[in-house]
Amino acid sequence: MPASLLISGVVFFVAVLGHSIAGRLGMIQNSVARFLVVGSVAGLTLLVVLCRHAVSALDVMAGLTFYAFLCELYIFLFTMVSSSISAKTLRLLWQGPMSAEQLEAVYEGAGMVQRRLERLQATHLIRTEGKHRTLTAKGERLVRWLRFFRDFFHRLPTSNCPI
Amino acid sequence: MFSMPVLVFVSYLVAHFAFYVFIARRNAWLRSEKAIFAYHFFPACVVAILYLLFAMYDDKWNVFVFVISLQGIYSLSFLELWSLTQGSYSLSILEAIERNAAASAIDNLSTIGEQKRAARLENLQNLGFVRLRDGKYQLTPWGSVAAWCCVLLTSLSNVSEGN
């Protein structure tokens, strides 16, 4: 096994620890942005270390690519765990068995919409004026990108959307 | 720096993507989650085996690590975007707001949330993570492992729960 693999693994572990500590210290509320900052600093450090110790350019590329893959996987996993209904159900059942009624109470539909609206507002994708909600410029850009990728993947708009 | 095996792999990635863009995405058979996952998973397994054999034969472990990591980044990014355009709950809400849907219509999105919850619970049961016993849902041993991973990841990344 190349040493660059081991070095990348260690740097990734340090980046995850840094992300965790920065979160507990309340630095940068957005968890993805927080990891991008910590992960970039760790990635630059990795580049310097690999350039000093790697035997070939391909060693450096392998180490950096492996680190980038681990970072993407980590971001995917923690964003999924924070927003996935399945992950939330597993975490709830981790605390003990629940009846269908208890689960329904947690996932009361209007509450789910409300929490997402709050989140969209906190991330500056929508603004609320009285009872009226509109997209911000950032939200409009996101919806345009969504349409682009939906066309690209040749998909129809969400079929079960009641609106 | 870019040896022949690396160039062969990059050519394979370009061909895989081009095949999707020009041929596969227009076919209905590739619009289900299982099919698009298989479209990435099985070729990735073949690539992994071939490059593993190559690494064992020629002691080129840096090539193996580089190729596997690049494949991981490509497939993970692709599948994330694909699933995001398929049915993200938050994006459905954003689109409803963009269409100037009335507040009551946005509240109707709660029905999607309820459908998602029921579908996810059924999926977890089908996967063998959750079982119904004495009128209550509880984790199976595999479900406990998955739930423990979710709890660990939430705690480690310090992300807020978004459901």
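Below is a short write-up of the structure. Remember, it's a predicted structure, so these values are computed and weren't measured experimentally.

**Considering the overall build of chain B**
Argument step 1. What chain B contains, in helices and strands, is seven helices and two strands.
Argument step 2. Of all intrachain contacts in chain B linking residues separated by at least 6 positions in sequence, the fraction that spans at least 24 positions is 45%.
Argument step 3. About 8,600 Å² of surface is accessible on chain B, with carbon and sulfur atoms providing 65% of the total.

**Structural notes on the environment of Ser 144 of chain B**
Argument step 1. Relative to the assigned elements, Ser 144 of chain B resides in helix 7 (residues 141-157).
Argument step 2. Note on Ser 144 of chain B: relative accessible area 27%, which makes it partly exposed.
Argument step 3. Sequence separation between Ser 144 of chain B and Phe 129 of chain B is 15 residues, and the spatial gap between their C-alpha atoms is 7.5 Å.
Argument step 4. The contact partners of Ser 144 of chain B, leaving out residues within four places of it in the chain, are Trp 94 of chain A together with Leu 139 of chain B.

**Details of the pairing of strand 1 (residues 130-133) of chain B**
When a strand is regular, its side chains alternate between the sheet's two faces.
Argument step 1. The pairing of strand 1 of chain B with strand 2 (residues 136-139) of chain B spans four bridges and is antiparallel. The residue bridging Leu 132 of chain B from the neighbouring strand is Tyr 137 of chain B, located in strand 2 of chain B.

**A word on the sheet that holds strand 1 of chain B**
Argument step 1. Strand order in this open sheet of three strands is 1(A)-2(B)-1(B), and the pairing throughout is antiparallel. The sheet is open, and its two borders are formed by strand 1 (98-99) of chain A together with strand 1 of chain B, each paired with just one other strand.
Argument step 2. Examined bridge by bridge, strand 1 of chain A and strand 2 of chain B share two bridges and lie antiparallel to one another. By the bridge assignment for strand 2 of chain B, Met 98 of chain A is matched with Tyr 137 of chain B.
Argument step 3. The sheet contacts of helix 4 (residues 85-94) of chain A involve strand 1 of chain A together with strand 1 and strand 2 of chain B, and relative to strand 2 of chain B the element is tilted by about 95°.

Basis of the calculations
- Residues numbered from 1 in each chain as written.
- Chains lettered and ligands numbered in written order.
- Predicted model: local features only at pLDDT ≥ 70, side-chain atom pairs only at ≥ 80, totals over all residues.
- Heavy atoms only, no water.
- Helix = DSSP H or I, 4+ residues; strand = E, 2+ residues; numbered from the N terminus.
- Contact = heavy atoms within 4.5 Å.
- Areas by Shrake-Rupley, 256 points an atom, 1.4 Å probe, with all protein chains shown as cover.
- Buried < 20%, exposed > 50% of the residue type's maximum accessible area, 1.4 Å probe, protein only.
- Pairing = 2+ DSSP bridges.
- Axes fitted to C-alpha atoms, helices over the stretch in contact; angles between N-to-C directions.

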